[in-house]
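# A look at the structure
Listed below are the residues making up each chain.
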Amino acid sequence: MTKAAQATFWDKIAERYAARPLKDPDAYEAMLADAAGRLKPSDHVLEIGCGTGSTAIRLAPSVAQWTAADFSPEMLRIAKAKPAPQNLRFVLADAQSAFEGGPFDVICAFQVLHLVDDLPGTLSRIHAQLKPGGMMIAKTWCFADMKLSLRGLFLVLRAVGLFPPVNALTKTALREKIRDAGFQIVDERVFGTNPHGPYIVARKA
Ligand SMILES: C[S@@+](CC[C@H](N)C(=O)[O-])C[C@H]1O[C@@H](n2cnc3c(N)ncnc32)[C@H](O)[C@@H]1O
């Protein structure tokens with residue numbers, strides 16, 4: 001699938017994605033609280049794959065500047081229509097080229113690293129665009145750890161165009177790729193009951 005076709009997939013489901021209730025609001029709030037606790041008021045933050053901007057809108061008040069990027073114009077249209085803090089800017093950009101304005105203190109990637117074409121390349125770019133000591137905060141779905149029946153369901157949904165192409169990673173492989181890009185993993189947590197979407201905090205040495 002080309003990059004343009006991938007973005008079109010997200011354009012088509014943007015309204016439904018925005019309207020969908022959170023599966024586990026307590027887990028989301030706990031994740032936001034953890035991320036907010038790691039941010040500093042002086043931080044310049046980049047978020048890749050920001051979707052409809054909900055997380056950016058909640059976390060931007062904790063920092064100096066938050067740039068939220070996504071490659072789907074429709075996702076961004078919905079994001080931009082929401083009331084947002086003044087230090088938040090939305091930009092149309094692919095995860096591999098969203099780094100204008102860097103280097104950053106923190107780069108966030110919530111539910112997106114499993115979707116990028118070139119994960120090692122994206123992680124290397126994130127690493128390169130962080131200041132020394134900078135931090136990546138990422139929540140990533142690890143499909144290869146999921147039950148066979150669930151993976152089968154996703155394959156069927158993918159075949160009929162209702163699910164995007166994903167990197168089927170195990171948690172072990174994800175950690176390895178993060179370390180290979182030069183990061184030190186400083187924390188890993190699961191918010192909620194699904195163990196297959198680890199929230200990983202990694203630091204650039
Ligand atoms: C599952 S949604 C997550 C949105 C948001 N981060 C959240 O946690 O609700 C994935 C988002 O990543 C975006 N996305 C997927 N692949 C991307 C890429 N290569 N570059 C930029 N954005 C991408 C999609 O457009 C979509 O908005």
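Placed above this text is the structure.
Everything in this summary refers to the structure shown in the same document. Worth saying up front: this structure is predicted, and the values here are computed from it rather than measured.

Calculation criteria
Residues numbered from 1 in each chain as written. Predicted model: local features only at pLDDT ≥ 70, side-chain atom pairs only at ≥ 80, totals over all residues. Heavy atoms only, no water. Near = heavy atom within 4 Å. Polar contact = N/O pair within 3.5 Å; in protein donor to acceptor, adjacent residues only side chain to side chain. Areas by Shrake-Rupley, 256 points an atom, 1.4 Å probe, with all protein chains shown as cover. Nonpolar A, V, L, I, M, F, W, Y, C, P; charged D, E, K, R; others polar. Helix = DSSP H or I, 4+ residues; strand = E, 2+ residues; numbered from the N terminus. Buried < 20%, exposed > 50% of the residue type's maximum accessible area, 1.4 Å probe, protein only. Contact = heavy atoms within 4.5 Å. Expected span 1.5 Å × (residues − 1). Bend = angle between axes of the 7 residues up to and from the residue. 1 Å grid on protein atoms, 1.4 Å probe; cavity = no way out; pocket = protein on both sides within 12 Å on 5 of 7 lines; lining within 4 Å. Points joined across faces, edges and corners; volume = space filled by probe spheres on them. Core = buried A, V, L, I, M, F, W, Y, C linked by side-chain atoms within 4.5 Å. Pairing = 2+ DSSP bridges. Axes fitted to C-alpha atoms, helices over the stretch in contact; angles between N-to-C directions. Right-handed = clockwise from strand over helix to strand, strands pointing away.

Turning next to the site of the ligand. By nearness alone, 16 residues border the ligand, and Tyr17, Gly49, Asp70, Ala95 and Phe110 come closest of all. In this structure, Tyr17 approaches the ligand through a side-chain N or O atom, which is 2.8 Å from an oxygen atom. In isolation the ligand exposes 590 Å². Once the protein is present, 93% of that is buried. For the shell around the ligand, the class distribution of residues is 10 nonpolar, four polar and two charged.

Okay, the side chain of His114 next. Its place among the elements puts His114 in the loop between strand S4 (104-110) and helix H5 (119-128). We classify His114 as buried; its relative accessible area is 5%. One polar contact links the side chain of His114 to the main-chain amide nitrogen of Trp141, over a distance of 3.2 Å. Filtering out sequence-adjacent residues up to four positions away, His114 remains in contact with Thr140, Trp141, Phe143, Pro165, Val166 and Asn167.

For helix H1 (residues 3-19), built from 17 residues, the straight-helix expectation of 24 Å at 1.5 Å per residue is met to within 8% by its first-to-last C-alpha distance of 25 Å. Along its length, H1 shows its largest kink, about 55°, at Ile13. Buried within H1 are the following residues: Gln6, Ala7, Phe9, Trp10, Ile13 and Ala14.

In this structure, the second largest pocket encloses a volume near 160 Å³. In terms of lining residues, the second largest pocket is bounded by Phe143, Ala144, Arg151, Phe154, Leu155, Arg158, Phe163, Pro164, Pro165, Val166 and Ala168. For the lining of the second largest pocket, the class distribution of residues is nine nonpolar, no polar and two charged.

This paragraph deals with the nonpolar core. Ile48, Leu113, Ile126, Met136, Ile178 and Phe183 are the most contacted members of the largest nonpolar core, which has 36 residues in total. Sort the elements by how many residues they give to this core and H1 lands first, with four residues. Every residue in contact with Ile126, bar those within four places of it in the chain, is listed here: Ile48, Phe99, Ile107, Leu113, Met136 and Phe183. Ala35, Val45, Val63 and Leu76 belong to the second-largest nonpolar core, a separate cluster that totals 27 residues.

Strand order in the open sheet formed by seven strands is S3-S2-S1-S4-S5-S7-S6, and the pairing between neighbours is mixed. Here the strands that pair on one side only, and so sit at the sheet edges, are strand S3 (88-92) and strand S6 (183-189). Taking each pair of neighbouring strands and ignoring which way they run, the sheet shows an average axis angle of 20°. Summarising the sheet, strand S1 (residues 44-48) and S4 pair through four bridges and their orientation is parallel. Residue pairing in the sheet places Ile48 in a bridge with Ala109 of S4.

The element S1 is extensively covered by neighbouring structure, given that four of its five residues are classed as buried. Sheet analysis places S1 next to strand S2 (residues 65-70), joined by five bridges and oriented parallel. Following the sheet pairing, Ile48 is matched in S2 by Ala69. Taken together, S1, helix H3 (residues 54-59) and S2 constitute a β-α-β crossover, and its handedness is right-handed.

Structural measurements only, silent on function.
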